Amino acid sequence: MAHVSDVQKLGVSPARGWTAVALLLAAATLCGVWLDPYVTITSQAMIYVLAIVIAAYKLDWLQSAVCAIGAVTALNFFFVPPRWTFDVESQEHFIALVVMLVVALVISHLASSVRRESRHAALNARRARQLQELASGLSISSTKEEILSLGQGALDDAFDGPNTLLLLDDGQELQGGADLSNEVRDGLRCCINECAVLGPGTGRWPGLDAWYLPLGEKGRVLGAARVLPARAADNDGREHAQALCSLLAQNLLRARLSASVQSVQAEAQRQQVQSTFLAAVSHDLRTPLASIVGAASALQTQRDKLGAAEQDRLLASIANEASYLSRVTENTLQLVRLTSLQKDLKRDWESLEEIVGSVLSRVRQHDTGRRIKSKVPAGLPLIKADPVLLAQMIGNLLENALKYSEGAIDLSIAAQGQALTISVKDRGPGVAPAQQDLIFEPYRRGDQSGPRGAGLGLALCRAIAQAHGGSLRVTARSGGGACFLATLPLDVAQPEQDAQ
Amino acid sequence: MTLRVLVVEDDHEIRSLMQSSLSVEGFEVQTAVSLSEARALLRHKAPDLIVLDLGLPDGDGVQLVHEIRKQHATPVIVVSARYQETLKIELLDAGADDYLTKPFSVGELLARMRVALRHRGTSLAAAVTQHQLEDLSVDLTTRTVQLAGETVHLTPTEFKLLARLVRSAGRVVTHRQLLTDVWGPEFTEHTHYLRLYMAQLRAKIERDPGEPRHLLTETGVGYRLADV
């Protein structure tokens, strides 16, 4: 699109205009001299009139008026008898010259006013089109930054500038524009405070070199713009700048409203999640707590009546339930931490062989029959990961399998293309297809009658896999049982090995 | 001679639990609820071992470990919650001897204390030069490593790594400490060296490298050579 401001400069430059005047007059005169043997003075006068009309059509009012006067003078000098003088012999010629001069001046006046109006109309049309384009551009932009950059672009397109567009921050201070002079900042500040256009032709601070325009209405001013050049007589220009600014203000307000609606929705969703979470946590915590309190109070009040075996059973129950509670707490905290600060992963080059080894040394305490068979091939690639989280994921999957199944449990790690896969397979009841996604939701267990508290562990496992850019899913195992498969991408190049 | 233990812990229940279980084991137990109280007690008389809880009301345990290390070789065992990994590593690097993650059993605490006290004794006497556990035996003076009587051949770097762990047998050694001591201080970020060399070492001295018996991984913190 051509610069909107270019329309104002469409005419011919003054030097070229005056040259054109001289050339037109010379051409008409030469033409007259050349035709002199064949035509009368009437035709020669017509040639000058043609030159006047061309000048009136192409040049501005002053140039075409000068051209008209020059043409009449030249006709008089070169062709009206007595020729080669400024004298006029007959009265008829004198009247003709005067009429010709008047006609020429009227033509140039009419032509230049038509031209001025059409130029004006073209400028207005371009401005209208610019407003339309800006409005459609703004309708698909949602952030403050996008609106600001579209607005700056539109101002620079319509006005030579340098134009300035600044917004107010939450503390009603101007954002950015640190390189602006104090005078400009004061102007912007003042126009925001007064919520009115300042500058030439506005009646407010007419001595300024630019227009200062507020964005928004009284009580809801979002920022301000400074536009150059500003001429007192250019009412249309000022109105266009105001129209641009009010369009920007409307869209800024819309963006602000939609942002606040979104944040309210997000907050409502967060509270919803939090309350289901709390309800579920308290359910998962209450049962083991009841066992602990029951066993402890029995020991406290009935110790004398209880046999040694019974006392040991109660103590073991307290220890078991307490360690279960500690796992639930650990999982809950980790899940909350992971979903709230996903970027907080402490990634380093890790070996899954090591992680599996450390997980097994812990999980074997609950695996007295050594049901877990692990298969970790040597020479696995290293993975850039948070080891504590991966250990927690593998540990949860193994403990789940121990809890829900009776037979052997296969843990295997494999490198497949650009990913590492961790699979835990059991021969338990398996997961029904309808439940295969639900079991990863926080606090939703596949089988409500089974052992308590598995739901959170799986939710955490999936969150851990996803935090590493991977996935975790469950499938039915042929021959019965469940297969949990975590896939972790190896998206970073393996580290260089040292030569030592 | 009764060994004196200073327990720095702000939680009343855990403090009194530690006090009673350590007293039963024959330790003389002093307790402090804050860093400032711990400092006051340390000025009075240095204990034989300090159990330091992270997350004290009046500040950072790291500062206290630095202060202790300036004056005493007293072993320090750090007690922390699982999510305090970074702080834990910072304390170990600052000179703490070992750590325990809450919740822990009294048995675990006593085992760690025994290891820490043994190292204190030997560090005052002579450096550890021999290690023997089950079928593995390491002699640093003759540079020999044997597995079930068979000599195991290690590369110089593998041996340096194992030797570093032998000198702290039973205690955790952080990644940073291992990288600094084996490769040099400019290699502290090269964790992948450790992963690769530990895998090679395990392949040579472990019966089942997937479930190591000797070279234990302290996930996210470092390694420990099993000692019991």
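Residues numbered from 1 in each chain as written. Chains lettered and ligands numbered in written order. Predicted model: local features only at pLDDT ≥ 70, side-chain atom pairs only at ≥ 80, totals over all residues.

Novice: I'd like a description of the overall build of chain A, backed by residues and values.
Specialist: For chain A, the count of helices and strands is eleven helices and ten strands. Considering only intrachain contacts with a sequence separation of at least 6, the fraction spanning at least 24 residues in chain A is 65%. (Helix = DSSP H or I, 4+ residues; strand = E, 2+ residues; numbered from the N terminus. Contact = placed C-beta atoms within 7 Å.)

Novice: Please set out the interface of chain B and chain A residue by residue, giving values where relevant.
Specialist: Every contact between the two is made by 21 residues of chain B and, on the other side, 27 residues of chain A. Going through the elements one at a time, α8 (191-205) and β11 (215-218) of chain B are the ones with two or more residues in the side of chain B that touches chain A. The leading source of residues in the side of chain B that touches chain A is α8(B), at eight residues.

Novice: Hey, could you go over the packing of helix α1 (residues 14-35) of chain A against helix α3 (residues 61-78) of chain A for me, with residue numbers and the actual values?
Specialist: Two quantities define a packed helix pair, namely the angle between the axes and the distance from one axis to the other. All names here are of chain A. α3 packs onto α1 with a crossing angle of 25 degrees between their chain directions and a minimal axis gap of 10 Å. Here α1 is positioned roughly parallel relative to α3, judged by the angle of their axes. You can see that α1 and α3 cross each other, and the crossing is right-handed. Residues G17, W18, V21, L24, L25, A28, T29, G32 and V33 of α1 touch α3, and the partners they reach there are Q63, V66, C67, G70, A71, A74 and F78. When grouped by side-chain class, the residues that make up the contact of α1 with α3 number eleven nonpolar, five polar and no charged. (Axes fitted to C-alpha atoms, helices over the stretch in contact; angles between N-to-C directions. Parallel < 35°, antiparallel > 145°, perpendicular 65-115°, else oblique. Left-handed = near helix turned anticlockwise from the far one by under 90°. Nonpolar A, V, L, I, M, F, W, Y, C, P; charged D, E, K, R; others polar.)

Novice: So what about the sheet that holds strand β10 (residues 482-489) of chain A? Which residues, and what values?
Specialist: Residues and elements named next belong to chain A. With mixed pairing, the five strands of this open sheet are ordered in space as β5-β7-β8-β10-β9. The open sheet terminates on both sides in strands that have one partner only, identified here as β5 (372-375) and β9 (471-476). Averaged over all pairs of adjacent strands, the angle between strand axes in this sheet comes to 15 degrees, irrespective of strand direction. Taken together, the six bridges between β9 and β10 define a ladder with antiparallel strand orientation. From the neighbouring strand, L472 faces β10, where its bridge partner is A486. Helix-sheet contacts for helix α9 (residues 352-363) involve β5, β7 (409-416) and β8 (419-425), and the interaxial angle to β5 is about 170 degrees. (Pairing = 2+ DSSP bridges.)

Novice: I'd like to hear about the sheet that holds β11(B), residue by residue, with values.
Specialist: The strands making up a sheet associate through backbone hydrogen bonding, with each pair oriented either parallel or antiparallel. Residues and elements named next belong to chain B. As summarised here, the arrangement of the three strands in space is β10-β12-β11, forming an open sheet in which the pairing is antiparallel. Single-partner strands in this sheet number two, and they are β10 (172-174) and β11. Strand-to-strand twist in this sheet, taken as the mean axis angle between neighbours without regard to direction, amounts to 30 degrees. In this structure, β10 lies alongside strand β12 (residues 222-225), joined through three bridges in antiparallel fashion. Counted as the bridge partner of V172 is R224 from β12. Across the face of the sheet, helix α7 (residues 175-182) comes into contact with β10 and β12 while running at roughly 70 degrees to β10.

Novice: Describe in detail the nonpolar core, supporting the description with residues and values.
Specialist: Core analysis: the largest hydrophobic core is formed by 56 residues, its most contacted members being V8(B), V51(B) and L162(B). Ranked by the residues each element gives to this core, the list is headed by α8(B), at six residues. Each of domain 1 (4-124) and domain 2 (130-225) of chain B accounts for three or more of the residues forming this core. Counting residues in hydrophobic clusters, the runner-up holds 48 residues, among them L360(A), I409(A), I422(A) and C461(A). (Core = buried A, V, L, I, M, F, W, Y, C linked by C-beta atoms within 7 Å. Buried ≥ 20, exposed ≤ 12 C-beta atoms within 10 Å, placed from the backbone. Domains from an automatic or database assignment.)

Novice: Kindly report on the pairing of β5(A), identifying the contributing residues and their values.
Specialist: Put simply, side chains in a regular strand alternate between the two faces of the sheet. All names here are of chain A. Of the two faces of β5, only the one carrying I372 and S374 is buried; K373 and K375 on the other face are not. Here four bridges tie β5 to β7, and the two strands are oriented parallel to one another. Its bridge partner being in β7, S374 is matched across the sheet by L411.

Novice: Would you mind going over the packing of helix α5 (residues 144-158) of chain A against helix α7 (residues 235-302) of chain A in detail, with residue names and values included?
Specialist: Residue and element names in this part refer to chain A. Running from N to C, α5 and α7 cross one another at 175 degrees; their axes reach a closest spacing of 10 Å. Classified by the interaxial angle, the pair formed by α5 and α7 is roughly antiparallel. Listed contacts from α7 to K144, I147, G151, A154, L155 and A158 of α5 are H240, L244, L248, N251, L252 and A255. Residues belonging to the contact of α5 with α7 are distributed by class as follows: eight nonpolar, three polar and one charged.

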